[in-house]
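# Results of the structural survey
Here is what each chain is made of, one letter per residue.
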Amino acid sequence: MKLAARIAMGVLAVVAVAAVGFGALYTSRIQTANSIEKLTDYDDYNLYRMQVRYDYDLDKMIANTTADNQSFIDAAVKQALPLLPVSIKAPTFGCSAFHIQETGGDHLMGRNYDFKRDTSAMLVCTAPKDGYKSIAFAALDNLGANQADASTKAKIASLLAPFACLDGINEKGVSIAVLTLDSEPTKQDTGKPVLATTMAIRLVLDRAATTAEAVELLQQYDMFATSGRDYHFYITDAAGDGRVIEYDCDDPARPMVVTPSQQVTNFFVKYKENVLPNQKNGIYGHGRERYDAVLEVFDQQKDSPSNDTVWAALKAASQEPNPESITSNTQWSIAYNNTDLTAEIIIRRHWADMTRYSLTAGAAK
């Protein structure tokens, strides 16, 4: 979601007196905003952390969403910023993701988030009353808050981060990532409740204990791909069950298709035989060269796969900036450990500068 520039000046005054004027409704939101901390110290784009202390109603959010961008945006704003006049725009997402099992038995997911526009990242920590604890990552440029701790306005915008997350892991060891495609945006219409793209991330993190449960959850909804682009999802769990969730571009009804896969980039895994490297492949997508680069690393280290294998593959699939490609310019790289519930994070290819976070211990370093 891109903060469309304008949070009315009156909003700042509203927030200043929120604890008195709105009581508990905004006390928890002020606590959330005040929890924002910067974890890295680069010039412009950094990693931040936020603990979500306000309650949100995911079911109500879904019930208020129809198959258009504005309803999804309005539903998110009502949860994060009730009563405040905010205008936002939905995001787009690139990337690579994959799964391996270490020789020692841990299941790992690697994730590169690639997007041509530079961004800071927010590590979003949630513990919903009716769901699983999780951490997830949002691109702060999508919220107009690249310096998330620099102003009240940026802190207000960051309250929307739980509903703009692009990947994450929950306490059951389920990890999920969303990746963009080149096909027409999915807009299913079977009469089921409508689920927008980043709402699917939140749904899976909050309520799925396995990949199979995540698939069952997503099958209960009509998918609506936001912001004028199409997407697919990669989901893994603590048992190593890695699957790609896609909406068949060769069928006008766009039925959901589930394909077991060790890795995924920006093309339909269902139609990978139609995809060649280093080129666009029509509706089937692009990024086969990154898919193949990950496979090459796996093949080279197949006798003793480890966490180092994850990072070798992430580096092999990472991308430098290219203004002609929406899925260039790796913004963050993450190794999720689905077994011990940790994440290793590197921002914008600063390979020697890693932040580690434990979902169990709740510590970043």
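Residues numbered from 1 in each chain as written. Predicted model: local features only at pLDDT ≥ 70, side-chain atom pairs only at ≥ 80, totals over all residues. Heavy atoms only, no water.

Counting its secondary structure elements, the chain contains 10 helices and 22 strands. When each of the 365 residues of the chain is scored for burial, the buried share is 59%. Considering only residue pairs separated by 6 or more positions, the chain has 65% of its internal contacts joining residues 24 or more positions apart. Approximately 13900 Å² of the chain is accessible, and the part contributed by carbon and sulfur atoms is 48%. (Helix = DSSP H or I, 4+ residues; strand = E, 2+ residues; numbered from the N terminus. Buried < 20%, exposed > 50% of the residue type's maximum accessible area, 1.4 Å probe, protein only. Contact = heavy atoms within 4.5 Å. Areas by Shrake-Rupley, 256 points an atom, 1.4 Å probe, with all protein chains shown as cover.)

Once that is clear, we can look at the layout of surface pockets. Which parts of space are left empty comes out when a probe the size of a water molecule is rolled across the atoms. Considering only enclosed or pocket space, the largest pocket measures out at about 160 Å³ in volume. For the largest pocket, the lining is made up of 13 residues, of which His286, Glu289, Gln319, Ser325 and Thr327 are closest to its centre. Of the residues contributing to the lining of the largest pocket, the split by class is no nonpolar, 9 polar and 4 charged. (1 Å grid on protein atoms, 1.4 Å probe; cavity = no way out; pocket = protein on both sides within 12 Å on 5 of 7 lines; lining within 4 Å. Points joined across faces, edges and corners; volume = space filled by probe spheres on them. Nonpolar A, V, L, I, M, F, W, Y, C, P; charged D, E, K, R; others polar.)

This paragraph deals with unusual backbone geometry. Where the residue is not glycine, phi is negative for most of them; where a peptide bond is considered, it is trans in most cases. Even without being a glycine, Leu341 presents a positive backbone phi close to 60 degrees. Here Leu341 shows up in the loop between strand E19 (330-337) and strand E20 (342-347). The phi torsion at Arg349 lies on the positive side, around 65 degrees, for a residue other than glycine. Classification of Arg349 as buried rests on a relative accessible area of 17%.

What follows covers helix H10 (residues 307-317). Looking at H10, one finds that the buried residues are Thr309, Val310, Trp311, Ala313, Leu314 and Ala317. In this structure, the buried side of H10 is in contact with strand E5 (96-101), strand E6 (107-114), helix H9 (288-300), E19 and E20. Of the residues that open H10, the one with a side-chain oxygen 3.2 Å from the backbone nitrogen of Asp308 is Ser306. (Polar contact = N/O pair within 3.5 Å; in protein donor to acceptor, adjacent residues only side chain to side chain.)

One pair of aromatic rings is described through two measures. These are the centre distance and the angle between the planes. On inspection of all chains with the given rule, the structure shows 10 aromatic pairs. When the centroid spacing of 6.2 Å and the interplanar angle of 40 degrees are considered together, the rings of Phe137 and Trp332 count as tilted. Taken as a pair, Phe137 in strand E8 (residues 134-139) and Trp332 in strand E19 lie far apart in primary sequence, 195 residues in all. The pair formed by Phe137 and Trp332 is uniform in burial state, with each residue classed as buried. With 5.1 Å between their ring centres and 55 degrees between their planes, Tyr271 and Tyr284 make a pair best called tilted. One end of the pair, Tyr271, is in the loop between strand E17 (266-267) and strand E18 (285-286); the other, Tyr284, is in the loop between E17 and E18, and 13 residues separate them in sequence. Among the residues examined, Tyr271 registers a relative accessible area of 15% and is labelled buried. Three or more aromatic residues joined by ring pairs make a cluster, and in this case those are Tyr113, Phe115, Phe137, Trp332 and Tyr336. (Phe/Tyr/Trp six-rings, centres within 6.5 Å; stacked < 30°, edge-to-face > 60°.)

What follows is about the confidence of the model for the chain. Considering every residue of the chain, the mean pLDDT works out to 91; 90% of them sit at 70 or more. Counted against residues more than four places away or in other chains, residues 1-21, with its pLDDT under 50, gives 54 contacts. (pLDDT = per-residue confidence, 0-100.)

Moving on: the nonpolar core. In this structure, Leu81, Met122, Leu195, Phe233, Trp332 and Ile345 are the most contacted members of the largest nonpolar core, which totals 92 residues. With 13 residues, the next largest nonpolar core counts Ile100, Leu108, Phe298 and Trp311 among its residues. (Core = buried A, V, L, I, M, F, W, Y, C linked by side-chain atoms within 4.5 Å.)

Among the 8 residues of E19, 8 are classified as buried, and the element is accordingly described as predominantly covered. When E6 meets E19, the two strands line up antiparallel, connected through 7 bridges. Across the sheet, Asp114 pairs through a bridge with Thr330, a residue of E19. Across 6 bridges, the pairing between E19 and E20 is antiparallel. In the sheet register, Tyr336 faces E20, and the bridge partner there is Ala343. Connecting the antiparallel pair E19 and E20 is a turn made up of 4 residues, with Leu341 showing a positive phi of about 60 degrees. (Pairing = 2+ DSSP bridges.)

Looking now at the sheet that holds strand E2 (residues 37-38). Here 9 strands make up an open sheet; going across it, the order is E2-E3-E7-E8-E9-E10-E13-E14-E15 and the pairing mixed. Each end of this open sheet is capped by a strand with a single partner; those strands are E2 and strand E15 (256-260). Sheet contacts for helix H7 (residues 197-207): strand E7 (121-126), E8, strand E9 (165-170), strand E10 (175-181) and strand E13 (230-236); angle to E9, the most-contacted strand, approximately 5 degrees. Packed onto the sheet, helix H8 (residues 211-218) meets E13, strand E14 (243-247) and E15 and runs at close to 10 degrees relative to E14. (Axes fitted to C-alpha atoms, helices over the stretch in contact; angles between N-to-C directions.)

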